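Descriptive structure summary
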There are 2 protein chains.
Amino acid sequence: MDKVTLQNVHNRIKSYIHNTPVLTSQLINTICEAQVFFKCENFQKMGAFKMRGATNAILNLTETQKSKGVVTHSSGNFAQALSLAAKQMGVKAYIVMPKNAPQVKKEAVKTYKGIIVECDSNLEAREFEAKRIQMEKGATFIHPSNDDAVIYGNATAAIEFLEDYPDLDYIFTPVGGGGLLAGTLLASKYFSKNCKVIAGEPIAVDDAYRSLKSGIIEKNETSNTIADGLRTHLGDRNFPIIKAHVDTIIRVEEDDIVYAMKLIWERMKIVIEPSSAVAFAALLKEKEVLKHKKIGVILSGGNVDLSQLPF
Amino acid sequence: MDKVTLQNVHNRIKSYIHNTPVLTSQLINTICEAQVFFKCENFQKMGAFKMRGATNAILNLTETQKSKGVVTHSSGNFAQALSLAAKQMGVKAYIVMPKNAPQVKKEAVKTYKGIIVECDSNLEAREFEAKRIQMEKGATFIHPSNDDAVIYGNATAAIEFLEDYPDLDYIFTPVGGGGLLAGTLLASKYFSKNCKVIAGEPIAVDDAYRSLKSGIIEKNETSNTIADGLRTHLGDRNFPIIKAHVDTIIRVEEDDIVYAMKLIWERMKIVIEPSSAVAFAALLKEKEVLKHKKIGVILSGGNVDLSQLPF
């Protein structure tokens, strides 16, 4: 990996994604006593940064591979991202989802012409079904976060951010599967002078925090957080990048997440999902030591079920 | 009124307000089979276009008048707008509000250092109290919508819109007190070749629709709409402008408003208030006859109580 490779990734996916806007809020600057810039991936196609990694992963395939389609298991944003990215390139996307996944998630995938393959609601069934499709259809498996091409695609959010604001002192991201954090770390390494990257993580699913401490990939005992995008684990592709480069991981309580989410909805008038709010909640928690800094926050997505809001 | 005067108003208030962004949505273009552009006054300072009129009205005063303050009666966005505009210029703002106004509205006014004067919850008490402050303090009364300087200030939203998109065929606004609609009509008269202006109005408070039919200002029997910013009546300053220039007024049902609001929240990831959704609901209702047109929609504001959402 080097700067040229990442720049090429950005050049390659550019026409398939939005260069999302960066918003600011005077009130939030006042609260933080800092200059805070929000990279709005909630305005990305299909509503989340995942579009970047999914697009790059498909562009990375040979024509023969593309002709046989791609497959992933996800009931979240990556399911929609892979479906839409595949649709844009005329590729089939098989999406393995648990039978009991919310109807609204299934509908979203169908909107983007993803082919839903239902399975039982456990890891083994999910992996078995994905494997079966790989074998039967010859489709290429693309992991939602633990895949180099996905990580490099995700890096483009921070590349754009640093192109527009080259003197950011910090970038905050959430950490769940680790794909966005790893990508952001690579981008800050190659596209900034000295921008540190801090991740926010819900305390209920603090596997990344514990993995960093122990040096090996830890698992979560529960998935009990409102930040539904962050319930997954790190993987062997992204953890080494995180271990090598992350500044720190800040753990936040559920109440902090809801507070941060509400503040952004009310004051910035934008819809973000709880996972996005985790990055901002981490900043709010650390604001005393970040005074007068230039701070970027990647708002990772905006896909929420409006009938299930926490306020 | 002429083009130069309006241009001067814009030049004068420019540094006190945001030139708000214009957003688009591929999905909404597909639904409407048209090109739709949203002028995001929900991103305006204090969260609504009212900031424009309030700012212009205060800038219009003499230094002596400014030194004695301004007064209005409002429990909605104009209360916040006048408070913030006055604060920015070091002017006192007295805000007459009914005792039983929601605490959240009172808090918002206090944030912007508006001086709240409570009264009973009826028109007479409100007007009496405003009159008393005019007499006692020498403060200048500024009406939320039926005031030339307010109307001209509001016009600047459409002036900016037409500067960026000079070939809009239509602009949609909501109509309540009539201040935004009248301002938009003046802007389209002087700053476009042939841009027609259409207003959306909740059927439950369709005084503007009926006034246009009868030729005189009609009143509403109820205020029974979710679009809380549109419960007021037209006035003698804005009605003549509306009567002379509006293309048509489209009435929409409460369900249409909630549907339009939800569509914008879910798909555009932005927070708009129900009154803003009325303009878009009107467009959705008329979309069959507007195919292939370039259509602007002014999203008038984004101040909602998140604990009271209709979905």
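A brief look at the structure comes next.

**Some remarks on the overall build of chain A**
Across its full length, chain A holds 13 helices and 10 strands. For a compact globule of 311 residues, the expected C-alpha radius of gyration is about 19 Å, and chain A comes in at 18 Å, within 12% of that figure. Projected onto the principal axes, the alpha-carbon positions of chain A cover approximately 55 × 40 × 40 Å. By residue count, 58% of the 311 residues in chain A fall in the buried class. By sequence separation, contacts in chain A at least 24 residues apart represent 71% of the contacts at least 6 residues apart. A total accessible area of about 12500 Å² is found for chain A, and carbon and sulfur atoms account for 47% of it. Taking the average place of the 38 positive charges on the side chains of chain A and the average place of its 35 negative ones, the gap between the two points comes to 5 Å.

**A word on the relation of the copies chain A and chain B**
Between chain A and chain B, which share one sequence, the superposing operator has a rotation angle of 180° and an axial displacement of 0.0 Å; the RMSD is 0.0 Å. The superposition operator between the copies reduces to a two-fold rotation axis. Closest approach to the rotation axis within chain A is made by the C-alpha atom of I270 of chain A, at a distance of 2.1 Å. When the interface residues of chain A are mapped onto chain B, 100% of them are again interface residues, pointing to one common binding face.

**As for the environment of D255 of chain A**
Residue and element names in this part refer to chain A. For D255, the location among the structural elements is in helix α12 (residues 254-268). When its relative accessible area of 63% is taken as the criterion, D255 is described as exposed. The spacing of D255 and D305 is 50 residues in sequence and 19 Å in space, taken between C-alpha atoms.

**Overview of the interface of chain A and chain B**
Each partner contributes residues to the interface: chain A has 20 residues there, and chain B has 20 residues. Between chain A and chain B, a total of about 1600 Å² is buried, with carbon and sulfur atoms accounting for 65% of that surface. Summed over the three residues of chain A that lose the most area to chain B, namely K269, V271 and L306 of chain A, the buried surface amounts to 41% of that side. Counting across the interface, chain A meets chain B through zero salt bridges. Taken together, chain A and chain B are joined by six residue pairs in polar contact (both at pLDDT 80 or more). A total of five residues in the side of chain A that touches chain B trace back to one element, the largest contributor, which is α12 of chain A. The residue inventory of the side of chain A that touches chain B, partitioned by class, reads nine nonpolar, six polar and five charged.

**Structural notes on the sheet that holds strand β4 (residues 93-98) of chain B**
All names here are of chain B. Reading across the sheet, the four strands line up as β5-β4-β3-β6 and stay open at both edges, with parallel pairing between neighbours. Where the open sheet ends on each side, the last strands, each with one partner, are β5 (115-119) and β6 (140-141). Direction of pairing for strand β3 (residues 70-73) relative to β4: parallel, over a ladder of four bridges. Paired with V71 across the strands is Y94, a residue of β4.

**Examining the pattern of salt bridges**
Scanning the entire structure with this criterion turns up 34 salt bridges over all chains. With a shortest N-O distance of 2.8 Å, D206 of chain A and R251 of chain A are connected by a salt bridge. On the criterion of sequence distance, the pair formed by D206 of chain A in the loop between β8 (196-202) and α10 (207-214) and R251 of chain A in strand β9 (residues 248-252) is long-range, its members being 45 residues apart. The exposure class of D206 of chain A is buried, given its relative accessible area of 9%. Residue K99 of chain B is joined to D120 of chain B by a salt bridge in which the shortest nitrogen-to-oxygen separation is 2.9 Å. Of the two residues, K99 of chain B is situated in the loop between β4 and α6 (103-111) and D120 of chain B in the loop between β5 and α7 (123-137); the sequence distance between them amounts to 21 residues.

**A few points about the packing of helix α12 (residues 254-268) of chain B against helix α13 (residues 274-285) of chain B**
Residue and element names in this part refer to chain B. Running from amino to carboxyl end, α12 crosses α13 at an angle of 100°, the nearest separation of the two axes being 8 Å. As the angle between them shows, α12 and α13 are arranged roughly perpendicular. Across the interface between the two elements, D256, I257, Y259, A260, M261, L263 and I264 of α12 pack against P274, A277, V278, F280, A281 and L284 of α13.

**Here we look at the packing of aromatic side chains**
Scanning the entire structure with this criterion turns up nine aromatic pairs over all chains. Both rings, one in W265 of chain A and one in W265 of chain B, keep their centres 5.7 Å apart while their planes meet at 70°; by these two values the pair is edge-to-face. With W265 of chain A in helix α12 and W265 of chain B in helix α12, the pair connects residues from two separate chains. Among the residues examined, W265 of chain A registers a relative accessible area of 1% and is labelled buried. Consider the rings of F161 of chain B and Y165 of chain B, whose centres lie 6.3 Å apart with planes at 85°: the pair is edge-to-face. By relative accessible area, which is 0% here, F161 of chain B ends up buried. Members of the aromatic cluster, connected to one another through ring pairs, are W265 and F311 of chain A together with W265 and F311 of chain B.

**Concerning helix α10 (residues 207-214) of chain B**
Residue and element names in this part refer to chain B. All of the buried residues along α10 are D207, A208 and S211. Buried residues of α10 fall within an arc of 95° about the axis and therefore sit on the same side. On its buried face, α10 is in contact with β8 (196-202), α11 (239-245) and β9 (248-252). One or two positions beyond α10, positive phi appears at G215, with a value near 85°.

**Here we look at the nonpolar core**
W265 and I270 of chain A together with W265, I270 and F280 of chain B are the most contacted members of the largest nonpolar core, which totals 80 residues. Residues in contact with W265 of chain B, not counting those within four places in the same chain, are W265, V271 and L306 of chain A together with I270, V271, I272, V304, L306, L309 and F311 of chain B.

How each quantity is defined
Residues numbered from 1 in each chain as written. Chains lettered and ligands numbered in written order. Predicted model: local features only at pLDDT ≥ 70, side-chain atom pairs only at ≥ 80, totals over all residues. Heavy atoms only, no water. Helix = DSSP H or I, 4+ residues; strand = E, 2+ residues; numbered from the N terminus. Rg over C-alpha atoms; globule rule 2.2 N^0.38 Å. Buried < 20%, exposed > 50% of the residue type's maximum accessible area, 1.4 Å probe, protein only. Contact = heavy atoms within 4.5 Å. Areas by Shrake-Rupley, 256 points an atom, 1.4 Å probe, with all protein chains shown as cover. Lys, Arg positive; Asp, Glu negative; His and termini not counted. Charge placed at Lys NZ, Arg CZ, Asp CG, Glu CD. Least-squares fit on C-alpha atoms with pLDDT ≥ 70 in both. Buried area = accessible area lost by both parts, 1.4 Å probe. Salt bridge = Lys/Arg side-chain N within 4 Å of Asp/Glu carboxyl O. Polar contact = N/O pair within 3.5 Å; in protein donor to acceptor, adjacent residues only side chain to side chain. Nonpolar A, V, L, I, M, F, W, Y, C, P; charged D, E, K, R; others polar. Pairing = 2+ DSSP bridges. Axes fitted to C-alpha atoms, helices over the stretch in contact; angles between N-to-C directions. Parallel < 35°, antiparallel > 145°, perpendicular 65-115°, else oblique. Phe/Tyr/Trp six-rings, centres within 6.5 Å; stacked < 30°, edge-to-face > 60°. Arc of directions from axis to C-beta. Core = buried A, V, L, I, M, F, W, Y, C linked by side-chain atoms within 4.5 Å.

All quantities given are derived from atomic positions and should not be read as evidence of function.
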